[in-house]
Amino acid sequence: MDNLATTVAIQFFNGLVIGMIYALIGIGLTLILGLLDIPNFAHGALYALGAYLLLQLVGVTGSFWLGMLVAPVIVFTVSVILERFMIRPLYPAGSNYVLLFTFAVSVIVQELIIILWGPVGFSILPPQALAGSVDLGPFSYPRYHLFVMIASLAVILGLWLMLERTRYGAIMRAGIENKTMVSALGIDIYRLFTVGFGLGASLAALAGVLIAPIRGLMPYMGVDILPFAFVVVAVGGLGNVIGAIAAGLIIGVTQSLTTQFWPQGSTITIFGVMAIILLTRPQGLFGAR
Amino acid sequence: MAKLRQRVGGFIPWAVLVILILVLPDLTRPTVATEVWVFAVLALAFNLLLGYTGLLSFGQATFFGTGAYTAGLLLIHQRVHPLAALAAAALAGGLVAAVIGYLCIRRIGLYFIMLTFAFNLMAYFIVYQASSITGGVDGLPGVPRPPVNLYVLTWDIRSGIAYYLFVSLIFLLCAIALKKVVDSPFGLVLQAIRENEARAAALGYNTAAFKRVAFIISGAFSGLAGALYGMLFGIVPIDTIYWVTSGNVVFMTLIGGTTSFFGPIVGAVFFIWLAETVSVRWERWPLIVGLVFVFVIFFFRGGFVEVWHRAYGLLARLTQRGQPKYGHSKD
């Protein structure tokens, strides 16, 4: 295999890795968007919070695996409290105020990260078991990158099974489809909102945890990722898991390949792709509305 | 008589504005006072979308920044007339808004918000990457403030207070122009779209086209505000095109009140006052601003407009005590 083909193949794999991260964040966002009807501007901040909690937990316990499991749980708890006691009272005020509130939360979390962990970035090592690389024949590839791909795929698959095969998943999908009808059937729609918000936020945190050893930690990592999450939702379609995966992978691979050949243009290309999709399919790739 | 009172009543806010313009430099530094009117232009332009058309654009910094960089580059490299720089900034803001609006207005509601935001970040990344032209993250320094040459007279706007008057004048002209827009038949259609887009469409209006034009007008005025901002500080910081600026505009407009034409101006005054007060005390001042946002959202939701209405209502009740206006009063 010649040099160029190897480079393209590696970049393609990198694109799949980052694409799965985008998909994780995007699915969390689309869940919140579908249920609560708000674009969660704090989503990126919760992703960053997940990564920084991992850093702290690894520092305290020394175990990456423990940190990986506990950080999303902490973010889940924080978000559930946030939704129950801060966002829920705002529903009667209208979505503009909820949106503004998530914007304020995003600014507050970002500033708190800078205050607690400093403005300089950190790097974090993958766990010992995932260090080194795997020989894939024509080229070798970092083991941790492959782990991220498989782990996020497994989580998304689990979520998809939960949504499609369980009773609670069905209620959740119904909540995205028609809130009035769901609450008319005697289901506590507000509890559904709380769980949905917590679940979506913990997916963002998990994405932050997984990406931390690859990209490192920066206080502004949340803000940097947020537009991609929004693009994933806009391209993939509302409340659509398959659409989010497809959009995440398309964006990840596009970004990765253009980074190789035209580094300055990689971000711009993504928005170009988004513009083309919106022009040809305004409802998103898999969206019905 | 009622008509006369209505006409006089319509002038009161303008009179208050002129008084405020005249007293503000005595209350604070000229730079801060100037910033107030720059952001007032931006907030008014934004409210054309949020308050009058019902469109929440979360990317107003795109046009603000576009205008700031356009004017900055023209002033630095071409030494153009300040008014030409303002016109170019408005044109550039309007053009960018035309493109982004064309794409974003295809999607409604939440998608519209997210897309305007995503395009805002794209614009930011472009400016960030093109650092050889824009100065990247350090901003574009050395924006001059050449004299305003009007054939018969030349207005030197280099001093802080002269520039303050220049910006105040531009602000008043923009406010009058935007008031004309919202009171025009075009503005009424926008309000009809806000109230019920399906019904407006059923009446035969091409609502998407109206929204696009509103977006372009808003973008043009935002670009103009951006140019004023760059000339104020002699530098175009990259913050002008950053998403937090977009969020701040949403905040100042909501806190001022979207239901009144003048509400966003009050919001701009409050926001600049807040930012100036806390930013000199602590480097991490956005944290304080964020906490104030939360406080306002929970306890001060209706904005200053509501406070005004309540105070006005209280005043009216006090002055009319003992002579109930309506027959069904219980006491």
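Look up: the structure comes first, before these words.
This report concerns the structure included in the present document. Since this is a predicted model, take the numbers as computed values, not measurements.

## A look at the overall build of chain A
Then, number 1: On a plain count of helices and strands, chain A comes out with 11 helices and two strands.
Then, number 2: Ordered by position in the sequence, the α and β elements of chain A form the string α-α-α-α-β-β-α-α-α-α-α-α-α.
Then, number 3: Scaling as 2.2 N^0.38, a compact globule of 289 residues should have a C-alpha radius of gyration of about 19 Å, and chain A matches this with 19 Å.
Then, number 4: Overall, the C-alpha framework of chain A stretches about 60 × 50 × 35 Å when taken along its three principal axes.
Then, number 5: By the burial criterion, 48% of the 289 residues in chain A qualify as buried.

## Examining the nonpolar core
Then, number 1: Counting residues in hydrophobic clusters, the biggest one holds 198 residues, and the most contacted among them are Ile 25 and Val 232 of chain A together with Val 41, Ala 118 and Leu 224 of chain B.
Then, number 2: Excluding anything up to four places from it in sequence, Ala 118 of chain B contacts Pro 227, Phe 230, Val 231, Ala 234 and Phe 271 of chain A.

## Here's the deal with helix α12 (residues 263-279) of chain B
Then, number 1: Here α12 of chain B spans 24 Å end to end across 17 residues, near enough to the 24 Å set by a 1.5 Å rise per residue.
Then, number 2: Among the residues of α12 of chain B, those classed as buried are Gly 263, Pro 264, Ile 265, Val 266, Gly 267, Ala 268, Val 269, Phe 271, Ile 272 and Ala 275 of chain B.

## Some thoughts on the interface of chain B and chain A
Then, number 1: If you look at the interface, chain B gives 31 residues, while chain A gives 29 residues.
Then, number 2: Elements with a minimum of two residues in the side of chain B that touches chain A: α5 (109-129), α11 (243-256) and α13 (285-299) of chain B.
Then, number 3: When its residues are assigned to classes, the side of chain B that touches chain A shows 24 nonpolar, three polar and four charged.

## Topic: helix α7 (residues 160-183) of chain B
Then, number 1: Its 24 residues place the ends of α7 of chain B 34 Å apart at the C-alpha level, agreeing with the 34 Å of an ideal helix rising 1.5 Å per residue.
Then, number 2: Along α7 of chain B, the positions that sit buried rather than exposed are Tyr 163, Tyr 164, Phe 166, Val 167, Ser 168, Ile 170, Phe 171, Cys 174, Ala 175 and Leu 178 of chain B.

Basis of the calculations
- Every chain's residues receive numbers from 1 upward, in the order its sequence appears when written.
- Naming scheme: in the order in which they are written, chains are lettered from A and ligands are numbered from 1.
- In keeping with the model being predicted, local features are shown solely for residues with a pLDDT of at least 70 and side-chain atom pairs are shown and tallied solely at 80 or more, while totals for entire chains, interfaces and linings include all residues.
- Here a helix means four or more residues in a row that DSSP labels H or I, a strand means two or more in a row labelled E, and each is numbered from the N terminus.
- Radius of gyration: over C-alpha atoms. The globule rule applied is 2.2 Å multiplied by the number of residues raised to the 0.38 power.
- Buried means a residue has 20 or more other C-beta atoms within 10 Å of its own C-beta, exposed means 12 or fewer, and partly exposed covers the counts in between; C-beta atoms are placed from the backbone.
- What we call a nonpolar core is a set of buried Ala, Val, Leu, Ile, Met, Phe, Trp, Tyr and Cys residues whose membership is set by joining through C-beta atoms within 7 Å.
- A pair of residues counts as a contact when their C-beta atoms, built from backbone coordinates, are separated by no more than 7 Å.
- The span one expects for a helix is its residue count, reduced by one, times 1.5 Å.
- Throughout, the ten residues Ala, Val, Leu, Ile, Met, Phe, Trp, Tyr, Cys and Pro are labelled nonpolar, Asp, Glu, Lys and Arg are labelled charged, and all others, Gly among them, are labelled polar.

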